[in-house]
Amino acid sequence: MAENAARNYGSYIGGEWVYTEDTMQVVNPATAQPFAEVSKIDAAMLKRAMDNAAAAFHEWRAKSAKERGAFLHRVADELVRRKAEIARAITLENGKPLAQSEGEVNMSEDHLRWFAEEARRVYGRVIPPQVNGKRNLVVKTPIGVVGAIAPWNFPLVLSVRKAAPALAAGCPVVLKPASQTPISCVLLAECMQAAGVPAGVFQLVIGDAAMISNEFVGNPICRKISFTGSTRVGQSLIRAAADKIKPLCLELGGLAPVLVFDDCDLDVAVRETIIAKFRNTGQSCIAANRIYVQKGIYKEFVERFCAAVAKLKTGDGLQPGMDVGPVVNQTALDGALAQIHDAVSKGARVLAGGERVKDSAGFFLQPTVLENVCDSAACMCEETFAPIAPLGSFETEEEGIRRANASEYGLSAYAMTRDMARIFRLSEQMEAGTIGINDGAPTTSTAPFGGVKESGWGRELGYEGLDAFLETKHVSLGAI
Ligand code: NAP
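Parameters at a glance
Residues numbered from 1 in each chain as written. Predicted model: local features only at pLDDT ≥ 70, side-chain atom pairs only at ≥ 80, totals over all residues. Heavy atoms only, no water. Helix = DSSP H or I, 4+ residues; strand = E, 2+ residues; numbered from the N terminus. Expected span 1.5 Å × (residues − 1). Buried < 20%, exposed > 50% of the residue type's maximum accessible area, 1.4 Å probe, protein only. Contact = heavy atoms within 4.5 Å. Axes fitted to C-alpha atoms, helices over the stretch in contact; angles between N-to-C directions. Parallel < 35°, antiparallel > 145°, perpendicular 65-115°, else oblique. Left-handed = near helix turned anticlockwise from the far one by under 90°. Nonpolar A, V, L, I, M, F, W, Y, C, P; charged D, E, K, R; others polar. Phe/Tyr/Trp six-rings, centres within 6.5 Å; stacked < 30°, edge-to-face > 60°. Domains from an automatic or database assignment. Buried area = accessible area lost by both parts, 1.4 Å probe. Polar contact = N/O pair within 3.5 Å; in protein donor to acceptor, adjacent residues only side chain to side chain.

1. As for helix α4 (residues 98–118)
- Compared with an ideal rise of 1.5 Å per residue, which puts 21 residues at 30 Å, α4 spans 30 Å between its outermost C-alpha atoms and is within 8% of the ideal.
- Taken together, the buried positions of α4 are occupied by Ser 101, Glu 104, Val 105, Ser 108, His 111, Leu 112, Trp 114, Phe 115, Ala 116 and Glu 118.
- On its buried side, α4 packs onto α2 (65–81), α3 (83–94), α5 (157–169) and α15 (464–467).

Now the structure itself:
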């Protein structure tokens, strides 16, 4: 084993670090080699974590919002203090270039600070009475213990996106990270500990996904499950949660379209489409999956886009100046190559890349551009988690919108245009939870994030991200 091999990473339960004999290895996708080991907890430890969370709820919710906010600021301070170490851990377990890992830590800090402040703005309201002598109040209270399940593609920030608002709202959190990328969450738990988290208020449980999610679903202590991951697992959670009517927030898959209109600023359009496609090595739920260019600028856009792709540096994310890292594992690489072959067999032309990077044991795919890709090709209708940019063309705005919306997914959508009237039409007609206009990185702490159609239920971030962990109660006061 390479670096960090000496360390066995554990779970954080009831204010203590828990290690077991049952371990799993964490693999660096840039080398295909394991670099660390983590302990897996058993069912009894998990039950203890749930009991700890239930016991911690009363005291945590009773703290003032200002106190909870001050705690979240201290966690943010710790993240900043340990930024280099945490960013390195993200790159080692996920593969993304170091600068992007640092960006992930920065965004995590921003989420923590946003919810630290937003906690103080959990307002109820007083409703004008319909009957003389009555008063009608709306009161917001924390929902209770939250079970959070995170994916591997943004292992830190997507965990923080759940933990920060839940803690701000007064809810204890039991977090399960992805098995591929548990280490950044261990470091997050260390930051929580250093910031003085009370025992049971934040717990990290590393272990078997089915065991943990079954406990979240079946244990009445858990009052809400917040899940980010694939639509397939989201569907299985919905089925499992039905019996208990367990509330779910589901952030699921995407198949984002990009519409590049004739009137766009081409420099901006190329720059933002490159970001939307290749950030995180194409392994983002809001990655540009289908790029449609209006006929009038098709040739020029493609030339400039391919020139920009040729400049992208692919390699181990720990090396300076990398733009694209490895995909997460061999299965992901095989799936990406299969998508390329499928598109070519249906008439697509490879304009750039198209193959595995030679002379590397890691899971590297060359940044790939395909043109003349038909809408039935797998890369146009299945989520592509790889640096593959499939290009198609369209004639009219109406056709562009129709093809953009022709998907069961609706997480994000992009358009490149300077026409204000069109921007309003697109905002109203594109079926997506987030719409980036001339903007390839539209996510921000301050605005709601989530999907429509099969991309999920509920919203994270913004005010909505906090409201997701609050119950809304009506109190009717008769004469006092
Ligand atoms: P995944 O396979 O669904 O896994 C996500 C998490 O769910 C992991 O922690 C995983 O644990 C756990 N899990 C696996 N099987 C489970 C089960 N039967 N019940 C409950 N939890 C289970 O997804 P992924 O491959 O990690 O992530 C990629 C997917 O996430 C993509 O579809 C992407 O679009 C989506 N995503 C969505 C958003 C969004 O905000 N909408 C953001 C990022 C990613 P193990 O790792 O232990 O298997």
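Now that the structure has been shown, the text picks up again.
2. Some points on unusual backbone geometry
- For Asn 280, which is not glycine, the phi dihedral falls at a positive 60°.
- By the secondary structure assignment, Asn 280 is in the loop between α9 (266–278) and β14 (288–294).
- In the Ramachandran plot, Asp 359 falls in the positive-phi region, its phi being about 60° despite a non-glycine side chain.

3. Thoughts on the packing of α2 against α4
- Orientation of α2 relative to α4, taken along the N-to-C sense of each, is 165°, at an axis distance of 8 Å. The orientation of α2 relative to α4 falls into the category roughly antiparallel. Between α2 and α4 lies a crossing whose hand is left-handed. Taken together, the residues of α4 that come into contact with α2 (itself represented by Gly 69, Leu 72, His 73, Val 75, Ala 76, Asp 77, Leu 79 and Val 80) are Val 105, Ser 108, Glu 109, Leu 112, Arg 113, Phe 115, Ala 116 and Glu 117.
- The residue makeup of the contact of α2 with α4, split by class, is nine nonpolar, three polar and four charged.

4. Quick word on the packing of aromatic side chains
- Going through the model one piece at a time under the given rule, you end up with six aromatic pairs.
- The interplanar angle of 15° and the centroid separation of 5.5 Å between the aromatic rings of Phe 301 and Phe 305 together place this pair among those described as stacked. Highlighted residues: Phe 301 and Phe 305, both in helix α10 (residues 298–310), separated by four residues, approximately one helical turn. For the pair Phe 301 and Phe 305, one class covers both residues: buried.

5. Some words on the domain arrangement of the protein chain
- Domain parsing of the protein chain yields domain 1 (8–252 + 455–476) and domain 2 (256–445).
- One C-alpha centre belongs to domain 1, the other to domain 2, and the line joining them spans 30 Å.
- Listed by partner, the interface residues are 29 residues for domain 1 and 29 residues for domain 2.
- Taken over both partners, the interface formed by domain 1 and domain 2 buries close to 2,300 Å², and the fraction arising from carbon and sulfur atoms is 58%.
- Between domain 1 and domain 2 we count 13 residue pairs in polar contact (both at pLDDT 80 or more) in total.

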